[in-house]
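Examining the three-dimensional arrangement
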Amino acid sequence: MQFTRIDDAVFHYQVIGAAPDRPVLAFVNALGTDFRIWRDVVVRLVGRFSILLYDARGHGLSGSGEGAVTIERHADDLAQLLDVIGKGSAIICGLSMGSLVAHTHPEKVKALILCGALARFGEPEDWDARIASVEANGIEALADTLMEHWFTEGFRVDNPADVAGYRNMVIRQPGAGYIASCAALRDGDLTALSGEVAVPTLCIVGDKDGAVSPSAVANLARAIPGARFELIKNAAHMLPVESPDTMSDIITAFADLAE
Ligand SMILES: O=C(O)CC1=CCC(=O)O1
């Protein structure tokens, strides 16, 4: 199956490499992306894990549903999707917005991998300005800036087709879904939850991340009891695209320790 209904929306998902003896590894997307961003990591990890990929509410081929979107609502969707595939809990790896979603339902989490993660992203007025900009001019007006945040200059010079493709991905996200998740990010603050995380946790960030500062991610790791921290060299925000070898090595080593 590739689609399922959760509450008021249809969700696009895939389970890859399912086997009863393999730990479940669920990937949770960043704002403005769909699950294709994980492809190069998934192909490296597929024999080791049962992998769940899905498009978040209002992204990719998943529907938006009605009403406001919050980080908690995104997390409820993930929790229900794990139930749909018959898995009570998983190692959850979230990128950016996905990192907030990843640790909102502790009962569903065996271990956490938080990539380009913060407990709170930006100031509310920045999100309001972004929402106003997308309402007025569409996502396309942001796309070049996003590419600079997502990818290092070296990657952009060496891989212009990939960058053009991911630019297409972001500008083709449903505008209403993108705006709804901007509002979720504006209102989402998991600072109080960070100190309560009780599962093995790894925080990862690229040293050239243009969306979050590596030192802020290091601070998040310090706030989470026992969390490890990894800085990936020569990488920006879109770690699974720019650094799939390093990402998959780090994920495998962490899962070995966490099991
Ligand atoms: O879109 C951005 O600016 C970076 C970002 C913040 C949360 C997220 O998922 O992406």
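Residues numbered from 1 in each chain as written. Predicted model: local features only at pLDDT ≥ 70, side-chain atom pairs only at ≥ 80, totals over all residues. Heavy atoms only, no water.

Examining the environment of R5
The cut-off we apply is this: Where helices and strands are cited, they refer to DSSP runs of H or I of at least four residues and of E of at least two residues respectively, numbered from the N terminus. Only protein chains enter the calculation, and the probe is 1.4 Å; a residue is then buried if its accessible area is under 20% of its type maximum, exposed if over 50%, and partly exposed in between.
Secondary-structure assignment places R5 in strand β1 (residues 3-6). Residue class for R5 comes out exposed when judged on its relative accessible area of 55%. Considered as a pair, R5 and S62 are 57 residues apart in the sequence and their alpha carbons are 9.4 Å apart.

Description of the environment of G154
Along the polypeptide, G154 turns up in helix α6 (residues 153-158). A sequence separation of 81 residues divides G154 from A235, and the C-alpha atoms of the two residues are 9.3 Å apart.

What about the site of the ligand?
Keep this limit in mind: Nearness is judged by heavy atoms alone; a residue qualifies as near a molecule or strand once a single heavy atom is within 4 Å of it. Polar contacts, as counted here, are pairs of nitrogen or oxygen atoms within 3.5 Å of one another; within protein the pair requires one atom able to donate a hydrogen and one able to accept it, and residues that are adjacent in sequence qualify only if both atoms are side-chain atoms. Just so you know the grouping, Ala, Val, Leu, Ile, Met, Phe, Trp, Tyr, Cys and Pro go in nonpolar, Asp, Glu, Lys and Arg go in charged, and all remaining residues, Gly too, go in polar.
Surrounding the ligand, one finds A30, L31, S96, M97, F121, R130, L146, L185, A211 and H237. Between the ligand and M97 there is a distance of 2.8 Å, counted from an oxygen atom to a backbone nitrogen or oxygen. Contact between the ligand and R130: an oxygen atom at 2.6 Å from a side-chain N or O atom of the residue. Partitioning the shell around the ligand into residue classes produces 7 nonpolar, 2 polar and 1 charged.

Examining the UniProt feature "domain: AB hydrolase-1" (unreviewed entry) in the protein chain
To keep it simple, the criterion reads: UniProt positions are given in the numbering used here, feature names are shortened, and annotations may be inferred rather than shown by experiment.
Per the UniProt annotation, the sites labelled "domain: AB hydrolase-1" (unreviewed entry) are residues 23-243. Here residues 23-243 is 46% helix and 15% strand, with 23 Å between the C-alpha atoms at its ends.

Regarding the nonpolar core
The test is simple: Here, nonpolar core means buried Ala, Val, Leu, Ile, Met, Phe, Trp, Tyr and Cys residues that are tied together by side-chain atoms lying within 4.5 Å of each other. Residue contacts follow a heavy-atom distance rule, with two residues in contact if any of their heavy atoms lie within 4.5 Å.
One finds F27, W38 and I251 to be the most contacted residues of the largest nonpolar core, which totals 91 residues. Not counting the four nearest positions on each side in its chain, F27 is found in contact with W38, V41, V42, L45, I51, L52, L53, Y54, C93 and I251.

What to know about the pattern of salt bridges
Filter applied, for reference: For this analysis, a salt bridge means a side-chain nitrogen from Lys or Arg found within 4 Å of a carboxyl oxygen belonging to Asp or Glu.
Within the structure shown, the criterion is met by 14 salt bridges. For R186, the salt bridge identified is with D128, shortest N-O distance 2.8 Å. One end of the pair, R186, is in helix α8 (residues 175-187); the other, D128, is in helix α4 (residues 124-137), with 58 residues separating them in the sequence. Residue classification places R186 among the partly exposed positions, given a relative accessible area of 25%. Judged by its relative accessible area of 37%, D128 falls in the partly exposed class. One salt bridge in this structure joins R186 and D187, with 2.9 Å as the shortest N-O distance. Salt bridges sharing common partners tie together D8, R57, R73 and D77.

Section: the packing of aromatic side chains
Selection rule: Whether two aromatic rings pair depends on their centres lying within 6.5 Å, for rings of Phe, Tyr and Trp, where Trp uses its six-membered ring; planes under 30 degrees apart make the pair stacked, over 60 edge-to-face, and the rest tilted.
With the rule as written, the count across this model stands at 4 aromatic pairs. Taken together, a centroid distance of 6.3 Å and an interplanar angle of 80 degrees make the contact between W150 and F151 edge-to-face. Grouping residues by exposure puts W150 and F151 together as buried. Where F151 meets Y166, the ring centres are 6.0 Å apart and the plane angle is 45 degrees; that geometry is what we call tilted. With F151 in the loop between α5 (140-150) and α6 and Y166 in helix α7 (residues 160-171), this residue pair connects regions lying 15 residues apart in the sequence. Residue Y166 is classed as buried on the basis of its relative accessible area of 15%. Three or more aromatic residues joined by ring pairs make a cluster, and in this case those are W150, F151, F155 and Y166.

Description of helix α10 (residues 214-223)
Cut-off, in case you're wondering: The arc in question is formed by the directions pointing from the helix axis toward the C-beta atoms.
Among all positions in α10, only V217, A218, L220 and A221 are buried. Buried residues of α10 fall within an arc of 155 degrees about the axis and therefore sit on the same side. Buried residues along α10 sit in contact with β6 (109-115), α9 (191-194), β7 (201-206) and β8 (228-232).

Structural notes on the sheet that holds β7
Selection criterion: Whether two strands pair depends on DSSP finding at least two bridges between them. Axis definition: a line fit to C-alpha positions, over the contact stretch in the case of helices; interaxial angles, taken between N-to-C directions, run 0 to 180 degrees.
Reading across the sheet, the 8 strands line up as β1-β2-β4-β3-β5-β6-β7-β8 and stay open at both edges, with mixed pairing between neighbours. Looking at the sheet topology across the chains shown, the edges are occupied by β1 and β8. Strand-to-strand twist of the sheet, defined as the mean angle between neighbouring strand axes without regard to direction, takes the value 25 degrees. Pairing of strand β5 (residues 90-95) with β6, which is carried by 6 bridges, proceeds in the parallel orientation. Paired with I91 across the two strands is A111, which belongs to β6. The strands touched by helix α2 (residues 71-84) are β1, β2 (9-16), β3 (24-28), β4 (50-54) and β5; relative to β4, the strand with the most contacts, the crossing angle is about 135 degrees.

Notes on the packing of α4 against α5
What counts here: An angle counts as roughly parallel when it lies under 35 degrees, as roughly antiparallel when it exceeds 145, as roughly perpendicular when it falls between 65 and 115, and as oblique in every other case.
Contact pair α4 / α5: the axes reach a minimum separation of 8 Å and the direction vectors enclose 130 degrees. Relative to α5, α4 is oriented oblique. Within the contact between the two elements, α4 uses R130, S133, V134 and N137 and α5 uses A141, L142 and L146. Of the residues in the contact of α4 with α5, the class split is 4 nonpolar, 2 polar and 1 charged.

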